[in-house]
Amino acid sequence: MYWLPVLVSLIGAAALIEAAQPTPLMSTDEALALPRPAPDLRLDYGPEELNFGELRLPVGKGPFPVVIVIHGGCWLAEYDLGYISALAARLTEAGIATWSIEYRRVGDRGGGWPGSFADVAAAADALRDIAADHHLDPERVAALGHSAGGHLALWLGARPRLDPDDPLRGADPLRVRGVVSLAGITDLAAYSSPEGCGSAVPGLLGGEPSDHPERLTRCSPIAMPHSGIPEILIVGSRDPIVPRSQAESYADHRPDGAVRLIEIEGAGHFELIDPGHASWERVHLAVVSALALEVEPPGR
């Protein structure tokens, strides 16, 4: 039986090696396969085919606080708002109305510069028009976005600080209370690359960032004036798509305390939009904070 201690030792070593292996990250295909709960309403906010939003309403009479939910997908036409539906539905179950918006993207007619930004702006402003009929509170609105949508959420928060004559600003832009950016892209110039999601940046800008410095000051969050509202940037420690440096650099360029950076240990890029992941409570509490609400966390 001299071999028994050796066998036990080998089994123990194998178990330790297996335990040390990191949990596989959620893939793009797995994110696209997340549940897609149907919205309560689909409403148009403009004349284009992709000018619509999905409205989800909590139980009760309202008026309800609202989160504008902006999906990502490298700003590309092949990715739509469906994959972020589970997140929107879970927020609504927690008592927060969600306005998940679609918009023209790179590859769509009129997508990219400036159409994608004009659509996001119009979708946000449309909340005022639908608020009364659907018991929404237009004074309690936050923006949340994932990846490229995180970029657009930060842009939406800073939009009122654009030049008053800028058509992307508009005469009376909706002002949100706060922004939650999940794995968001904060610096278009630094993110632009010939590989991965960064290869879509020239399509979004209508050319290389170096050729359009004026556009960067109007649409790259790090180059825009600070929004002056709470901004919460949540990142996964193992995100292979948007590096943590994007959030860190953005926070470093803002006044002390203006940006809250939260890292989810072990998470990748897509875990942050999965209500079934351990990060969900942090995401929910960030939304509550951005809205300045007093809401009990889920499960308590």
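Residues numbered from 1 in each chain as written. Predicted model: local features only at pLDDT ≥ 70, side-chain atom pairs only at ≥ 80, totals over all residues. Heavy atoms only, no water.

### Focus on the environment of R282
We count it as follows: We count a stretch as a helix when DSSP gives it H or I for four or more residues in a row; a strand needs E for two or more, and each element gets its number in order from the N terminus. Note on classification: 1.4 Å probe, protein chains only; a residue is buried when its accessible area is under 20% of the maximum for its type, exposed when over 50%, partly exposed between these limits.
Mapped onto the secondary structure, R282 falls in helix α11 (residues 280-291). Exposure remark for R282: the relative accessible area of 41% places this residue in the partly exposed category. In this structure, the C-alpha to C-alpha distance between R282 and E30, residues 252 residues apart in sequence, is 21 Å.

### Quick look at the packing of helix α3 (residues 85-93) against α11
Which entries qualify depends on this criterion: Helix axes are fitted to C-alpha atoms over the stretch in contact, other axes to C-alpha atoms as well, and angles between N-to-C directions run from 0 to 180 degrees. With the far helix as reference, a near helix turned anticlockwise by less than a right angle produces a left-handed crossing, and one turned clockwise produces a right-handed crossing. Contacts: residue pairs with any heavy atoms within 4.5 Å of one another. Under the convention adopted here, Pro, Cys and the residues Ala, Val, Leu, Ile, Met, Phe, Trp and Tyr are nonpolar, Asp, Glu, Lys and Arg are charged, and Gly plus all remaining residues are polar.
Two numbers describe how α3 lies on α11: the axes approach to 11 Å, and their chain directions differ by 65 degrees. In terms of crossing hand, the pair formed by α3 and α11 is right-handed. Between α3 and α11, the contacting residues are L87, R90 and L91 on the first element and W280, H284 and V287 on the second. Residue classes in the contact of α3 with α11 are distributed as four nonpolar, one polar and one charged.

### Some words on the pattern of salt bridges
The criterion, for reference: Salt bridge criterion: a side-chain nitrogen from Lys or Arg within 4 Å of a carboxyl oxygen from Asp or Glu.
Summed over all chains, the structure comprises 14 salt bridges. Across the pair R109 and E48 runs a salt bridge whose closest N-O atoms are separated by 3.1 Å. Highlighted residues: R109 in the loop between β4 (97-101) and α4 (115-125) and E48 in the loop between β1 (41-44) and β2 (52-56), separated in sequence by 61 residues. Given the relative accessible area of 23%, E48 is considered partly exposed. In this structure, E248 and R244 form a salt bridge, with 2.4 Å as the shortest nitrogen-oxygen distance. Of the two residues, E248 and R244 are both situated in helix α10 (residues 244-252); the distance of four residues between them amounts to about one turn of the helix. Owing to a relative accessible area of 30%, R244 belongs among the partly exposed residues under this scheme. One continuous salt-bridge network, built from bridges that share partners, spans E48, R104, R109 and D119.

### Section: unusual backbone geometry
The residue after G62, namely P63, is reached through a cis peptide bond having omega 0 degrees. Relative to the elements of secondary structure, P63 occurs in the loop between β2 and β3 (64-70). The residue after W113, namely P114, is reached through a cis peptide bond having omega -10 degrees. Among the secondary structure elements, P114 is positioned in the loop between β4 and α4.

### Focus: the state of the cysteines
We count it as follows: Cysteine sulfur atoms are paired as a disulfide whenever they fall within 2.5 Å.
By the definition in use, this model includes one disulfide. Here C74 engages in a disulfide with C197; their sulfurs sit 2.1 Å apart. Between C74 and C197 the sulfur-sulfur dihedral comes to about -135 degrees; the bridge is accordingly left-handed. In this pair, C74 is assigned in the loop between β3 and α3 and C197 in the loop between α7 (188-191) and α8 (201-205), connecting sequence segments 123 residues apart. The thiol sulfur of C219 is not disulfide-bonded, and the nearest other cysteine sulfur, from C197, lies at 15 Å.

### Description of the sheet that holds strand β8 (residues 259-264)
The line we're drawing: Pairing between strands requires that DSSP locate at least two bridges from one strand to the other.
In space, the eight strands of this open sheet follow the order β1-β2-β4-β3-β5-β6-β7-β8, with mixed pairing throughout. The strands lining the two open edges of the sheet, one partner per strand, are β1 and β8. If you compare each strand with its neighbour and ignore which way they point, the axes differ by 20 degrees on average. As paired elements, β3 and β4 share five bridges and run parallel to each other. Within β4, the residue paired with V67 across the bridge is T98.

Read these as geometric descriptors, not functional statements.
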